[in-house]
Amino acid sequence: MNNHKTYFNWSSGKDSALALHHLLKDNHFSVDHLITTVNSHYNRVSMHGLRKELLVAQTNAIGIPASLIELPEMPSMAVYEKIMNKTVSGLKQEGFTYAAFGDIFLEDLRDYRDKLLATKNLSTIYPLWKRDTKELLTEFLNLGFKTIIVCANSKYFNEDFVGTVIDKDFIKNLPKGVDPCGENGEFHTFCFDGPIFKKPIEFSIGEKVYREYKSPKTNDDPICKSDDEKYGVWYCDLIP
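Residues numbered from 1 in each chain as written. Predicted model: local features only at pLDDT ≥ 70, side-chain atom pairs only at ≥ 80, totals over all residues. Heavy atoms only, no water.

Draft legend 1. The arrangement of the packing of helix α1 (residues 14–24) against helix α5 (residues 133–142) in detail. Taken N-terminus to C-terminus, the directions of α1 and α5 make an angle of 75°; their axes are 11 Å apart at the nearest point. Here α1 is positioned roughly perpendicular relative to α5, judged by the angle of their axes. Where α1 approaches α5, its residues Lys-14, Ala-17, Leu-18 and His-22 are matched on the opposing element by Leu-136, Leu-137, Glu-139 and Phe-140. Among the residues making up the contact of α1 with α5, the classes are represented as 5 nonpolar, 1 polar and 2 charged. (Axes fitted to C-alpha atoms, helices over the stretch in contact; angles between N-to-C directions. Helix = DSSP H or I, 4+ residues; strand = E, 2+ residues; numbered from the N terminus. Parallel < 35°, antiparallel > 145°, perpendicular 65-115°, else oblique. Contact = heavy atoms within 4.5 Å. Nonpolar A, V, L, I, M, F, W, Y, C, P; charged D, E, K, R; others polar.)

Draft legend 2. Seen up close, the environment of Asp-237. Here Asp-237 lies in strand β10 (residues 226–239). Separated by 202 residues in sequence, Asp-237 and Ile-35 have C-alpha atoms that sit 22 Å apart. The contact partners of Asp-237, leaving out residues within four places of it in the chain, are Arg-44, Arg-51, Ser-204, Ile-205, Gly-206 and Glu-207.

Draft legend 3. Structural view of the environment of Ile-205. Within the secondary structure, Ile-205 sits in strand β9 (residues 204–216). Spatially, the C-alpha atom of Ile-205 lies 6.3 Å from that of Asp-237, the residues being 32 residues apart in sequence. If we ignore the near neighbours within four places in the chain, the residues touching Ile-205 are Ile-148, Gly-163, Cys-236, Asp-237 and Leu-238.

Draft legend 4. View of unusual backbone geometry. The backbone of Asn-43 shows a phi angle near 60°, a positive value even though the residue is not glycine. For Asn-43, the location among the structural elements is in the loop between β2 (29–39) and β3 (44–45). Although it is not a glycine, Met-47 sits at a positive phi angle of roughly 75°. Looking at the element boundaries, Met-47 is found in the loop between β3 and α2 (52–62). You can call Met-47 exposed: its relative accessible area is 55%. (Buried < 20%, exposed > 50% of the residue type's maximum accessible area, 1.4 Å probe, protein only.)

Draft legend 5. Broad picture of the side chain of Thr-189. Inspection of the secondary structure puts Thr-189 in strand β8 (residues 187–193). For Thr-189, a relative accessible area of 3% puts it in the buried group. Here the side chain of Thr-189 touches Thr-147 through a polar contact of 3.2 Å, side chain to side chain. What Thr-189 contacts, discounting residues up to four positions off in sequence, is Ser-12, Gly-13, Lys-14, His-48, Thr-147, Ile-148, Ile-149, Val-150 and Ile-166. (Polar contact = N/O pair within 3.5 Å; in protein donor to acceptor, adjacent residues only side chain to side chain.)

Draft legend 6. Layout of the pairing of β2. Judged by how many residues are buried, β2 sits mostly within the fold: 9 of 11 residues are covered. Across 6 bridges, the pairing between strand β1 (residues 4–9) and β2 is parallel. Bridge pairing in β2 links Thr-6 to Val-31. Where the polypeptide runs from β1 across α1 and back to β2, its parallel neighbour, the crossover connection is right-handed. One ladder, built from 6 bridges, connects β2 with strand β4 (residues 66–71); its direction is parallel. (Pairing = 2+ DSSP bridges. Right-handed = clockwise from strand over helix to strand, strands pointing away.)

Draft legend 7. Structural view of the pairing of strand β7 (residues 146–153). Taking burial as the measure, the 8 residues of β7 include 7 buried ones, the bulk of the element. Two strands pair when backbone bridges link them, and β7 and β8 are joined in this way by 6 bridges, in the antiparallel orientation. When the bridges of β8 are listed, Cys-151 appears paired with His-188.

Draft legend 8. Structural detail: the pattern of salt bridges. In this structure the tally under the stated criterion is 8 salt bridges. Between Asp-237 and Arg-44 there is a salt bridge; the shortest N-O distance is 2.9 Å. Placement of Asp-237 in strand β10 and of Arg-44 in strand β3 is noted, with a sequence separation of 193 residues between them. On the basis of relative accessible area, Asp-237 is assigned to the buried category, the value being 11%. Judged by relative accessible area, Arg-44 falls into the partly exposed class, the value being 23%. A salt bridge links Asp-169 to Lys-172; the nearest nitrogen and oxygen atoms lie 3.1 Å apart. The exposure class of Asp-169 is partly exposed, given its relative accessible area of 38%. Taking the relative accessible area as the measure of exposure, Lys-172 reaches 65% and is therefore exposed. Linked by salt bridges that have partners in common, Arg-44, Arg-51 and Asp-237 make up one network. (Salt bridge = Lys/Arg side-chain N within 4 Å of Asp/Glu carboxyl O.)

Below, the structure is given as structure tokens:
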């Protein structure tokens, strides 16, 4: 049986937590490192807006070595790929052969990642791929995981939604068209307890902030490119 040396792309949210949980039980893979992209301007987890201190507390509670990839606030594709290639090349030199992700059904993003990593002769694994998102969220809660909403698209949600701990009634109250796992970017979470953690991560709820960003332009550039359209995001600050 192969025991592929694997690094996991850790987002700090619920899908990452469940995907990692499954991967840790799979004897074909040995998860030896976690990597997370951080906005170097705000010193917070990219997309999620989570403080770096809570990310570190989270990965310490998991007990797997972890490192941060610092990105500028609005990186171009060229800058993003240069930074990622440097990180991936280093991991390849350390003997890693697989990269793992918590994505569920974003085909364009998976294709982009697979092609980028193939240039480094790295394979990919997606433990949650194509699974029903209602079933995933139910499984997540039944396993004893706990997660709180840290940011949400203002197209679907208002200020009251962020800072909410997800429970079993969550799906019933979602607006029409919103994926139960927020797989289309409708919301992001911070996972603070569950079977992969040695102990819960302690935090308190801080202020809620609204910010606007340029919208992603096309599916051929799923990470960074923008046009002139904007979208709003509500953030809930969590304080270590």
